[in-house]
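Chain by chain, the residues:
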Amino acid sequence: MFKKNFAKFTFLATFVFAIAVTGCSNNDGNDGEEAIDSLGDQLDYTITGIDAGAGVVRSAEQAVEDYGLDYTVQSSSGAAMTQALSDAIANEEPIIVTGWNPHWMFATYDLKYLDDPKGVFGESENINSIARLGLSEDMPEAYEILDNFHWEGSDMEDVMIQINNGEEPKAVSRQWVDENQDKVAVWTDGVDLVEGVEINIAYVAWDSEIASTNVIGTVLSDMGYDVTLVQVENGPMWVAVASGQTDAIVAAWLPATHGDQYEKYEGEFDDLGPNLEGAKVGLIVPAYMDINSIEDL
Ligand code: PBE
């Protein structure tokens, strides 16, 4: 009788012990590590980047180095990145993208930034307007408008969302300017009209900059300028404004994202200050992903 009970006890005890061990391993670091390994495998250790010249891609490569990650940052384009994000979300698959806000993607999908405890991507960013040297004398009216140009992230997102819905950037900007004459008046108040003076603004085909550049282009055109918007890559955009090949840009992300270009050409351009405050760049994932920090990749 005792023996039988003892055997039963041993059996039970082993069973309970086994549960305890299994339960325990769920709570220690091992299980986390297994999940992380499988995330990396599922992602092929790839971070989906945008164009190679973008600051956020460079910062992502820096993050891979500083956090000692096994990942590669795959560069493509802003459009390819948002397509990959949309495909992944449609299939509830994991994905890590280099992203930023203001951006229409936050209004469309449930997303989160991965924490960046080492601060590789910097903190809050401003988007500055930068003029070529001499613009204030050559085109004082445009200079003043560019200097006054200032809007909110929500304004930029309104424009971005409509462009993403398939409308032409020019048409969306026309409509935004018409519907926001009070805001535009603050930029143009007291500035004289001109007649057909040619002005050239360079930008990169990032969704945020397609929006801002088209809006300021529409405003300048309403003031009488003959506006040309030139789409270039990030590096050439900075060369263009520093060398005077373009008159201005409204696409300088500072202090971190374009900090290297800013320092390289400092003194060769005229910084008009922020046209938008409270922007941000970083690694972004769908909210359903079970990861919150770059440290855990
Ligand atoms: N961006 C949008 C740019 C600046 C504007 C964040 C993609 C970049 O990374 O350079």
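In what follows, the accompanying structure is described.

The rules behind these values
Residues numbered from 1 in each chain as written. Predicted model: local features only at pLDDT ≥ 70, side-chain atom pairs only at ≥ 80, totals over all residues. Heavy atoms only, no water. Buried < 20%, exposed > 50% of the residue type's maximum accessible area, 1.4 Å probe, protein only. Helix = DSSP H or I, 4+ residues; strand = E, 2+ residues; numbered from the N terminus. Pairing = 2+ DSSP bridges. Near = heavy atom within 4 Å. Polar contact = N/O pair within 3.5 Å; in protein donor to acceptor, adjacent residues only side chain to side chain. Areas by Shrake-Rupley, 256 points an atom, 1.4 Å probe, with all protein chains shown as cover. Nonpolar A, V, L, I, M, F, W, Y, C, P; charged D, E, K, R; others polar. Domains from an automatic or database assignment. Axes fitted to C-alpha atoms, helices over the stretch in contact; angles between N-to-C directions. Left-handed = near helix turned anticlockwise from the far one by under 90°. Contact = heavy atoms within 4.5 Å. Core = buried A, V, L, I, M, F, W, Y, C linked by side-chain atoms within 4.5 Å. Expected span 1.5 Å × (residues − 1). Phe/Tyr/Trp six-rings, centres within 6.5 Å; stacked < 30°, edge-to-face > 60°. Salt bridge = Lys/Arg side-chain N within 4 Å of Asp/Glu carboxyl O.

### Describing the pairing of strand β8 (residues 248–254)
Right, on to step 1. For β8, a buried count of seven out of seven residues is recorded, marking the element as mostly surrounded by other parts of the structure.
Right, on to step 2. Both strand β5 (residues 125–132) and β8 contribute to a ladder of five bridges, which runs antiparallel. Paired with N128 across the strands is A252, a residue of β8.

### Re the site of the ligand
Right, on to step 1. Every residue near the ligand is listed here: I50, A54, G55, V56, W100, W206, S208, E209, W253, T257, H258 and V281.
Right, on to step 2. One of the side-chain nitrogen or oxygen atoms of H258 is found 2.7 Å away from an oxygen atom of the ligand.
Right, on to step 3. Taken by itself the ligand offers 280 Å² of open surface, and the protein chains cover 100% of this.
Right, on to step 4. Elements that contribute at least two residues to the shell around the ligand include exactly α3 (55–66) and α11 (207–222).
Right, on to step 5. Class assignment for the residues of the shell around the ligand results in seven nonpolar, four polar and one charged.
Right, on to step 6. Summarising the domain contributions, the shell around the ligand has at least three residues from each of domain 2 (39–123 + 283–296) and domain 3 (126–279).

### Looking at the packing of helix α7 (residues 140–148) against α11
Right, on to step 1. Look at α7 against α11: their axes get within 11 Å of each other, and the N-to-C directions meet at 140°. In this structure, the crossing between α7 and α11 has a hand that is right-handed. Packed against α7, whose contacting residues are A142, I145 and L146, the element α11 presents I216, V219 and L220 at the interface.
Right, on to step 2. Residue composition of the contact of α7 with α11, by class: six nonpolar, no polar and no charged.

### Some thoughts on the nonpolar core
Right, on to step 1. Counting residues in hydrophobic clusters, the biggest one holds 90 residues, and the most contacted among them are Y71, I96, F121, W151, W238, L283 and L297.
Right, on to step 2. Top contributing element to this core by residue count: strand β9 (residues 269–286), with eight residues.
Right, on to step 3. There are two domains that each give this core at least three residues, and those are domain 2 (39–123 + 283–296) and domain 3 (126–279).
Right, on to step 4. Sequence-distant contacts of L283, defined by excluding residues within four places in its chain, comprise I47, A60, I96, V97, T98, K112, Y113, L114, F121, I294 and L297.

### Looking at α11
Right, on to step 1. Between its first and last C-alpha atoms α11 spans 23 Å; for 16 residues at 1.5 Å apiece the expected length is 22 Å, and the two agree.
Right, on to step 2. Burial within α11 is extensive, with 13 of its 16 residues counted as buried.
Right, on to step 3. A positive phi of about 110° marks G224, the residue just after α11.

### Some points on the packing of aromatic side chains
Right, on to step 1. Taken as a whole, this structure holds ten aromatic pairs when the rule is applied.
Right, on to step 2. When the ring of F149 is compared with that of W151, the centres are 5.6 Å apart and the planes differ by 50°; the resulting orientation is tilted. Taken individually, F149 and W151 each receive the classification buried, so the pair is uniform in this respect.
Right, on to step 3. Between F149 and W187, the ring centres sit 4.8 Å apart and the planes meet at 75°, which makes this aromatic pair edge-to-face. In this pair, F149 is assigned in the loop between α7 and α8 (153–164) and W187 in helix α10 (residues 181–188), connecting sequence segments 38 residues apart.

### As for the pattern of salt bridges
Right, on to step 1. Per the stated rule, a full pass over the model turns up six salt bridges.
Right, on to step 2. For R132, the salt bridge goes to D138, with nearest N and O atoms at 2.9 Å.
Right, on to step 3. Looking at D138, the relative accessible area reads 49%, which means it is partly exposed.
Right, on to step 4. Across the pair R132 and D247 runs a salt bridge, and its minimum N-O distance is 2.7 Å. With R132 in strand β5 and D247 in the loop between α12 (234–243) and β8, this pair connects stretches of sequence that are 115 residues apart.
Right, on to step 5. Residue classification places R132 among the buried positions, given a relative accessible area of 12%.
Right, on to step 6. Linked by salt bridges that have partners in common, R132, D138 and D247 make up one network.

### Focus: unusual backbone geometry
Right, on to step 1. That bond from N101 to P102 is cis: its omega, 10°, falls within 30 degrees of zero.
Right, on to step 2. Following the sequence through the fold, P102 ends up in the loop between β3 (97–101) and α5 (105–108).
Right, on to step 3. The omega torsion across L254 and P255 is 10°, close enough to zero to call that bond cis.
Right, on to step 4. In this fold, P255 is placed in the loop between β8 and α13 (259–265).
Right, on to step 5. Even without glycine at this site, D44 takes up a positive phi of about 55°.

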